[in-house]
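# Descriptive structure summary
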Amino acid sequence: MAALLFLVHIAGEAAAQSPSFADNFTDQTLRLDYIFAGDAKSQAIFLDQLSVSPRWYGKRHRLAEVPVAGNGQIVMRDRKSGEVIYKNSFSSLFHEWQGTPEATSVRRSFENVFLAPMPKRPADVTVTLFNTRHQPVAELTHPVDPADILIRHIGRSPHIPVQTIMSPQDTTRCINIAFVAEGFTEAEMPHFIEKVREATEAVFSYSPFKEARSRFNVVAVMPTSLESGPSEPGKGVWRNTALGSHFDTFYSPRYLTTLHQKALHDALAGVPYEHIIVLVNTPQYGGGGILNAYNLTMTDNKFFCEIVVHEFGHSFAGLADEYAYDSEEMDLYPLDVEPWEKNITTKVDFASKWEGMVGQKGLKGETIGLYEGAGYKLKGVFRPTPSCRMRDNTYPEFCPVCQAALNEVIDFYTVY
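### Re the sheet that holds strand β11 (residues 216-221)
An order of β9-β11-β10-β12-β14-β13 is seen for the 6 strands of this open sheet, with the pairing classed as mixed. Every interior strand has two partners, whereas the edge strands, β9 (162-166) and β13 (287-290), have only one. Averaged over all pairs of adjacent strands, the angle between strand axes in this sheet comes to 20 degrees, irrespective of strand direction. Direction of pairing for β9 relative to β11: antiparallel, over a ladder of 4 bridges. Across the sheet, residue Q163 finds its bridge partner in β11, namely A220. Here helix α5 (residues 261-268) sits on the sheet in contact with β10 (175-182), β11, β12 (275-280) and β14 (294-298), set at roughly 105 degrees to β12.

Rendered as structure tokens:
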């Protein structure tokens with residue numbers, strides 16, 4: 001609880017400072033590649049590589065604030081003044097893997113890529129990982145000198161086509177989404193574009209995205225795979241694809257991800273993007289979404305649209321899964337700690353969640369309250385309504401609490 005209040009306090013200080021983009025940054029993107037490594041009991045962070053590309057497509061206001069806490073934070077400070085000039089939050093596959101049985105006996109490493117605006121002057125970047133109790137468990141601080149000759153210069157690859165799908169009303173106040181093709185051969189790219197358009201219409205048919213449609217820019221990025229479809233380790237099938245995606249992540253058959261974040265961001269270099277939706281060419285049910293990392297979803301399953309929207313709830317706003325099943329119960333949320341996700345609660349600090357909405361009617365007439373069973377736990381973790389887009393594939397909307405959380409993120413980036 002104290003750690004959670006500390007994060008809120010820091011966010012408040014950042015808001016008061018309000019660093020100026022023009023004073024601190026150039027119109028370039030600094031790409032920071034890291035390796036997260038360890039096991040169930042230990043974590044370490046290593047700097048891999050720094051790169052710079054033309055134009056910055058992220059936030060230019062509220063630079064020292066984050067709308068969602070996440071399982072980690074990246075903070076940039078001006079070297080001379082010590083002022084926080086940029087901050088963002090994230091989650092990672094490494095965090096998830098640490099809760100798996102494999103992590104009790106094996107040490108592994110995971111690629112992670114983050115974007116920040118390029119500082120005008122020398123700066124220090126700190127990356128911090130938090131555990132499920134919101135306590136810092138690993139931290140790395142390293143310098144960034146914009147004059148460093150070993151910062152790699154990258155730009156658009158002429159071999160990877162990009163197509164604009166939807167343009168915003170105001171390009172200076174918009175959120176950039178990039179759809180990326182995975183497991184699509186060159187001959188299959190028309191099908192990819194068809195699925196991008198279908199997914200775009202699905203996302204923007206849901207409130208609050210529907211009402212904020214004019215504040216989004218959407219592009220489709222088409223790296224070509226040599227073979228069609230993702231790998232399927234459970235069937236002994238390994239395919240040569242652009243991003244190396246596969247089912248059976250962490251030995252969970254439906255968990256479809258890519259561990260190759262560097263390849264993903266290489267394909268996106270120079271593209272206007274903040275949020276990534278990877279569409280994987282397969283009819284097999286599966287997907288995954290990680291806050292400020294990516295949303296990855298199969299394309300040719302009957303639940304395609306529902307899953308891409310659900311996973312975008314994870315990757316865009318850090319919404320938690322609201323389901324819990326006997327066969328899949330996981331111990332990711334200590335019951336004496338309030339989760340940072342805005343749509344679940346352990347009631348430790350319910351006042352910080354939807355307490356003020358209790359008793360109101362939901363979209364289908366249900367009463368907003370405390371419904372036990374969420375976050376993969378049958379007992380002790382609560383959701384706001386009986387059902388929601390974050391709970392099952394048949395519910396046609398985000399519940400009012402999730403809508404409010406999504407609205408907060410949309411407004412954070414576009415209203416100032």
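### Comments concerning the pairing of strand β4 (residues 84-90)
Counted residue by residue, β4 has 7 buried out of 7 residues, so it is predominantly covered. Sheet topology places strand β3 (residues 72-78) next to β4; 6 bridges connect them, and they run antiparallel. The residue of β4 that forms the bridge with M76 is Y86. In textbook terms, the turn of a hairpin is the stretch between consecutive antiparallel strands, and for β3 and β4 this stretch comprises 5 residues, one of which, G82, has a positive phi near 80 degrees.

Basis of the calculations
- Residues numbered from 1 in each chain as written.
- Predicted model: local features only at pLDDT ≥ 70, side-chain atom pairs only at ≥ 80, totals over all residues.
- Heavy atoms only, no water.
- Pairing = 2+ DSSP bridges.
- Helix = DSSP H or I, 4+ residues; strand = E, 2+ residues; numbered from the N terminus.
- Axes fitted to C-alpha atoms, helices over the stretch in contact; angles between N-to-C directions.
- Contact = heavy atoms within 4.5 Å.
- Buried < 20%, exposed > 50% of the residue type's maximum accessible area, 1.4 Å probe, protein only.

Don't take any of this as a statement about function, it's just geometry.
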